[in-house]
Amino acid sequence: FALFGGSSSIFSGMTKIFIIAGEASGDQLGAALMKSLREKIPNVEFRGIGGDLMLKNGLEASLFPMNDLTLMGLVEVVPKIPKLLNRIIQTVTAIKVFNPDVVLTIDSPDFCFRVQKEVRVANVRAKQIHFVAPTVWAWRPERAKKITSFLDGLICLFPFEPNYFEKEGLQTVAVGHPILKAGALEANG
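Cut-offs applied
- Residues numbered from 1 in each chain as written.
- Predicted model: local features only at pLDDT ≥ 70, side-chain atom pairs only at ≥ 80, totals over all residues.
- Heavy atoms only, no water.
- Helix = DSSP H or I, 4+ residues; strand = E, 2+ residues; numbered from the N terminus.
- Buried < 20%, exposed > 50% of the residue type's maximum accessible area, 1.4 Å probe, protein only.
- Contact = heavy atoms within 4.5 Å.
- Core = buried A, V, L, I, M, F, W, Y, C linked by side-chain atoms within 4.5 Å.
- Salt bridge = Lys/Arg side-chain N within 4 Å of Asp/Glu carboxyl O.
- Patch = residues over 30% accessible without salt bridge, like charges linked within 9 Å, V, L, I, M, F, W, Y side chains within 5 Å.
- Areas by Shrake-Rupley, 256 points an atom, 1.4 Å probe, with all protein chains shown as cover.
- Lys, Arg positive; Asp, Glu negative; His and termini not counted.
- Charge placed at Lys NZ, Arg CZ, Asp CG, Glu CD.
- Pairing = 2+ DSSP bridges.
- Right-handed = clockwise from strand over helix to strand, strands pointing away.

A. Spatial organisation of the side chain of Ser-108. Tracing the sequence through the fold places Ser-108 in the loop between strand E4 (102–106) and helix H5 (109–121). The exposure class of Ser-108 is buried, given its relative accessible area of 10%. Among all residues touching Ser-108, those that are not within four sequence positions of it are Gly-22 and Glu-23.

B. Layout of the nonpolar core. Counting 41 residues, the largest nonpolar core has Ile-17, Ile-19, Phe-46, Leu-104, Phe-111, Val-115 and Phe-131 as its most contacted members. The set of elements that each furnish at least two residues to this core consists of strand E1 (16–21), helix H1 (24–40), strand E2 (45–49), helix H4 (81–98), E4, H5 and strand E5 (127–131). In this view, Val-115 contacts Ile-20, Ile-88, Thr-91, Val-92 and Ile-95; residues no more than four positions away in its chain are not counted. Core analysis: the second largest hydrophobic core is formed by eleven residues, Phe-113, Ala-144, Ile-147 and Leu-154 among them.

C. Region of the structure containing the pattern of salt bridges. Across all of its chains, the model carries six salt bridges by this definition. Measuring nitrogen to oxygen at the nearest pair gives 3.7 Å for the salt bridge that ties Asp-68 to Lys-83. Linking Asp-68 in the loop between strand E3 (59–62) and helix H3 (73–77) with Lys-83 in helix H4, this pair joins segments that are 15 residues apart in sequence. Take Lys-83: its relative accessible area is 43%, and that puts it in the partly exposed class. Here the salt bridges do not stand alone but share partners, grouping Glu-45, Arg-47 and Glu-60 into one network.

D. Quick look at a positive patch on the surface. Taken together, the side chains of Arg-114, Lys-117, Arg-140 and Lys-146 define a basic patch exposed on the protein surface. Structurally, Arg-114 is set in helix H5. Overall, Arg-114 belongs to the partly exposed group, its relative accessible area being 45%.

E. Structural detail: the environment of Tyr-164. If you trace the backbone, Tyr-164 turns up in helix H7 (residues 162–166). By relative accessible area, Tyr-164 is classed as partly exposed at 29%. As a C-alpha pair, Tyr-164 and Pro-141 span 23 residues in sequence and 8.1 Å in three-dimensional space. For Tyr-164, the residues in contact, after removing those within four places along its chain, are Val-136, Trp-137 and Ala-144.

F. Representation of the pairing of E4 in the model. Judged by how many residues are buried, E4 sits mostly within the fold: five of five residues are covered. Taken together, the five bridges between E1 and E4 define a ladder with parallel strand orientation. For Phe-18, the partnering residue across the bridge sits in E4 and is Val-103. Alignment of E4 against E5, held across five bridges, turns out to be parallel. For Val-103, the partnering residue across the bridge sits in E5 and is Gln-128. For the crossover that starts at E4, traverses H5 and ends in the parallel E5, the hand is right-handed.

Structure, rendered in structure tokens:
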């Protein structure tokens, strides 16, 4: 399927997108995607959770500070579990109220996949898409099949990743990794 335009695009006819990023790298990816979508769909409306870059590219306001989702390590996460569970409920409620065409989550699978699962259970009409594939090719290949139960599409960074998910029936597209696109691997000298 195509990312933009055409009848097979995951975003064709979409005007309301609830987008979630939980860390700085997701904010960067989200901002770039939002910019591209706005060029193809000028009347697109974005709501959700993001940082400064996404706010500069059309996110009306962040539902709550993106930093609430940026947690590392067991010692930091365990005391914040009640707050994170409340953030999931808050996010799903906001999605229901907004009634988007697409729920687009970016990386941060611990939070984002829980939200996507709850959205699926709530029978929200939105297409559910995740950006940045879990590394099933490196470990836990069974995750490829599991995410097909709550996602409609997946945007991958590497060209070899779609095969892992397409064989499980998930629409998938590879868009390239921003570091590779910037020429980081080109040696000079």
